[in-house]
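Below, each chain spelled out in residue letters.
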Amino acid sequence: MNVATSLTLPATRRRSRRWSPGLVLALFILALSVLSALAPGLLAPYGPLDSDPANRLLAPSLLHPFGTDALGRDVLSRTIHGASLSLSGAAIAVSLGLFAGVGIGLVSGYFGGAVDAIAMRLVDVLLAIPNLLLSMAIVVTFGFGTGNAAMAVGVASIAVFARLTRAEVLRVRALPYVEAARGSGVGEFGIVVRHILPNAITPVLGLAALQFGTAILAIATLGFLGLGTPPPTPEWGLLVAEGRDYLAFAWWLTTLPGLVIVATVLSASRVAAEIRREHQ
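On a predicted model such as this, the values are computed, not experimentally measured, just so you know.

Rules used in this analysis
Residues numbered from 1 in each chain as written. Predicted model: local features only at pLDDT ≥ 70, side-chain atom pairs only at ≥ 80, totals over all residues. Heavy atoms only, no water. pLDDT = per-residue confidence, 0-100. Contact = heavy atoms within 4.5 Å. Helix = DSSP H or I, 4+ residues; strand = E, 2+ residues; numbered from the N terminus. Expected span 1.5 Å × (residues − 1). Axes fitted to C-alpha atoms, helices over the stretch in contact; angles between N-to-C directions. Parallel < 35°, antiparallel > 145°, perpendicular 65-115°, else oblique. Left-handed = near helix turned anticlockwise from the far one by under 90°. Nonpolar A, V, L, I, M, F, W, Y, C, P; charged D, E, K, R; others polar. Buried < 20%, exposed > 50% of the residue type's maximum accessible area, 1.4 Å probe, protein only. Phe/Tyr/Trp six-rings, centres within 6.5 Å; stacked < 30°, edge-to-face > 60°. Lys NZ or Arg CZ within 6 Å of the ring centre and 35° of its normal. Patch = residues over 30% accessible without salt bridge, like charges linked within 9 Å, V, L, I, M, F, W, Y side chains within 5 Å. Areas by Shrake-Rupley, 256 points an atom, 1.4 Å probe, with all protein chains shown as cover. Salt bridge = Lys/Arg side-chain N within 4 Å of Asp/Glu carboxyl O. Bend = angle between axes of the 7 residues up to and from the residue. 1 Å grid on protein atoms, 1.4 Å probe; cavity = no way out; pocket = protein on both sides within 12 Å on 5 of 7 lines; lining within 4 Å. Points joined across faces, edges and corners; volume = space filled by probe spheres on them. Core = buried A, V, L, I, M, F, W, Y, C linked by side-chain atoms within 4.5 Å.

Engineer: Please clarify how the confidence of the model for the chain should be interpreted in this entry.
Structural biologist: The predicted coordinates of low-pLDDT regions are not to be read in fine detail. When the pLDDT values of the chain are averaged, the result is 85; 91% of them are 70 or greater. Here residues 1–16 is modelled with pLDDT under 50, and outside its nearest four sequence neighbours on either side it reaches two contacts, counting other chains as well.

Structural data, given as structure tokens:
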């Protein structure tokens, strides 16, 4: 193998790994989900509340690919329109957890001492409470709905963002160029913003992609338990819950929306794994 080949081979491997079929499929599913959330009317063949009692509980067909529910509503259309609440709620939850967790982890890891001790004890308290239990407690306290469910899931995810950010800040803070910047007279704020945060944020963004899928699943779980958006507004967890009474003879009511949730969550996990792999 000549020198040119040896130099180009790693880049080729990186390109083939970056655009592997699994990653392409994951990005396609996420793009389709986002399009469903932003412009459901472009994909949904019917309105989410359009009922037709004469065609109730129809099995999947060309006319109704996901079948119809007990009121004759098209399940595919309701699933597409449900993406808006589910994905927007997940985005709110991840944003809340990301910004709050990064802020806590950044301050804790950089300044250390008493600040670090107090912040990490608070994080330990959050980690000691199961995420679903904490989310349910917050929703019950502040009221039902996708917005409150998203905030609850976001609060429950602050701890994991804070822990990872703190670990990365501790790693970057000890690198020579940070000490050089401090020795050259750069202020604390400049060191944090220009040197530490940009070099510590990549793994945190990978975690955010993973938490996006986890947030979708958590919000769907709260919706399934009746703590999310009330009917008849479509939401992925609610769609699964509405079909459980008909599971014996209308399997598509729960199975097909459930598969959409699974595909979206797995796609987010695949993208998160790729981000982590690129960082390594």
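Engineer: Could you clarify how one ought to interpret helix H5 (residues 113–128) in this entry?
Structural biologist: Residue pairs three or four apart in sequence face the same way in an α-helix, which turns once every 3.6 residues. For H5, which comprises 16 residues, the first-to-last C-alpha distance of 22 Å matches the rise-based estimate of 22 Å (1.5 Å per residue) to within 8%. Elements that come into contact with the buried residues of H5 comprise helix H4 (75–111) and helix H7 (146–173).

Engineer: For this particular structure, what's the right way to read the packing of helix H6 (residues 131–142) against H7?
Structural biologist: Geometry of a packed helix pair, given as the angle between the helix axes and the separation of the axes. Running from N to C, H6 and H7 cross one another at 140°; their axes reach a closest spacing of 8 Å. With respect to H7, the element H6 is oriented oblique. Between H6 and H7 lies a crossing whose hand is right-handed. On H7, the residues that touch Asn131, Leu134, Ser135, Ile138, Val139 and Phe142 of H6 are Asn148, Ala149, Ala152, Val153, Val155 and Ala156.

Engineer: I keep staring at the packing of H7 against helix H9 (residues 188–224) and nothing clicks. Help me out?
Structural biologist: Where H7 meets H9, the axes come as close as 9 Å, and the angle between the chain directions of the two elements is 155°. Taken as axis vectors, H7 and H9 run roughly antiparallel relative to one another. Note that H7 runs across H9; the crossing there is right-handed. Within the contact of H7 with H9, the residues separate by chemical class into 18 nonpolar, six polar and three charged.

Engineer: Would you explain the side chain of threonine 146 in this entry?
Structural biologist: Structurally, the position occupied by threonine 146 is in helix H7. On the basis of relative accessible area, threonine 146 is assigned to the buried category, the value being 8%. Once residues lying within four places of it in the same chain are set aside, the contact partners of threonine 146 are Leu85, Gly89, Ile219, Gly228, Thr229 and Glu235.

Engineer: Quick question: what am I supposed to make of the packing of aromatic side chains here?
Structural biologist: To describe a pair of aromatic rings, you give the distance between the ring centres and the angle between the ring planes. All chains considered together, the criterion is met by three aromatic pairs. Seen in terms of ring centroids, tyrosine 246 and phenylalanine 249 are 6.0 Å apart; in terms of plane orientation they differ by 90°. Their pairing is edge-to-face. Look at phenylalanine 249 and you get exposed, because its relative accessible area is 52%. Directly above the aromatic system of phenylalanine 224 lies the positively charged group of arginine 244, at a separation of 4.8 Å from the ring centroid.

Engineer: What is the right way to look at a nonpolar patch on the surface in this model?
Structural biologist: On the surface, a nonpolar cluster with roughly 570 Å² of combined accessible area is contributed by Leu25, Phe28, Leu32, Leu35, Leu42 and Leu43. Elements represented by at least two residues in the nonpolar patch include exactly helix H2 (21–38) and helix H3 (40–43). Take the nonpolar patch: its biggest share by element is four residues, from H2. Turning to its location among the elements, leucine 35 is positioned in helix H2.

Engineer: Which parts of the structure should I look at to understand H9?
Structural biologist: Helix length check: H9 (37 residues) gives 47 Å between terminal C-alpha atoms against 54 Å at 1.5 Å per residue, more than 12% under. Along H9, the helix axis deviates most sharply at leucine 197, where the bend reaches about 50°; the proline proline 198 sits within four residues downstream.

Engineer: Mind showing me how you'd approach the layout of surface pockets here?
Structural biologist: To find the voids left in a structure, one rolls a probe of water-molecule size over its atoms. Each pocket or cavity is described by its volume, and for the largest pocket that value is around 270 Å³. Lining the largest pocket are 15 residues, and of these Leu32, Ser33, Ser36, Ile80 and Val260 sit closest to its centre. Looking at the lining of the largest pocket element by element, the count peaks at five residues for H2. Here the residues of the lining of the largest pocket sort into 11 nonpolar, four polar and no charged.

Engineer: Explain the nonpolar core to me, please; I cannot follow it from the model alone.
Structural biologist: With 43 residues, the main nonpolar core has Phe161, Ile216, Trp236 and Ile261 as its most contacted residues. Mapped by element, the contributors of at least two residues to this core are H4, H6, H7, H9, helix H10 (236–242) and helix H11 (252–279). A per-element tally of this core places H4 first, with 10 residues. Residues Tyr110, Val172, Val192 and Ile196 belong to the second largest nonpolar core, which totals nine residues.

Engineer: How should the pattern of salt bridges be read in this particular structure?
Structural biologist: Any two side chains of opposite charge can pair, on the condition that their charged atoms come close. Evaluated as defined, the whole model comprises seven salt bridges. Between arginine 171 and glutamate 168 there is a salt bridge whose closest N-O contact spans 2.7 Å. Of the two residues, arginine 171 and glutamate 168 both sit in helix H7, three residues apart, roughly one turn of that helix. On the basis of relative accessibility, which here comes to 39%, the residue arginine 171 falls in the partly exposed class. One salt-bridge network, in which partners are shared between bridges, spans Arg121, Asp124 and Arg163.

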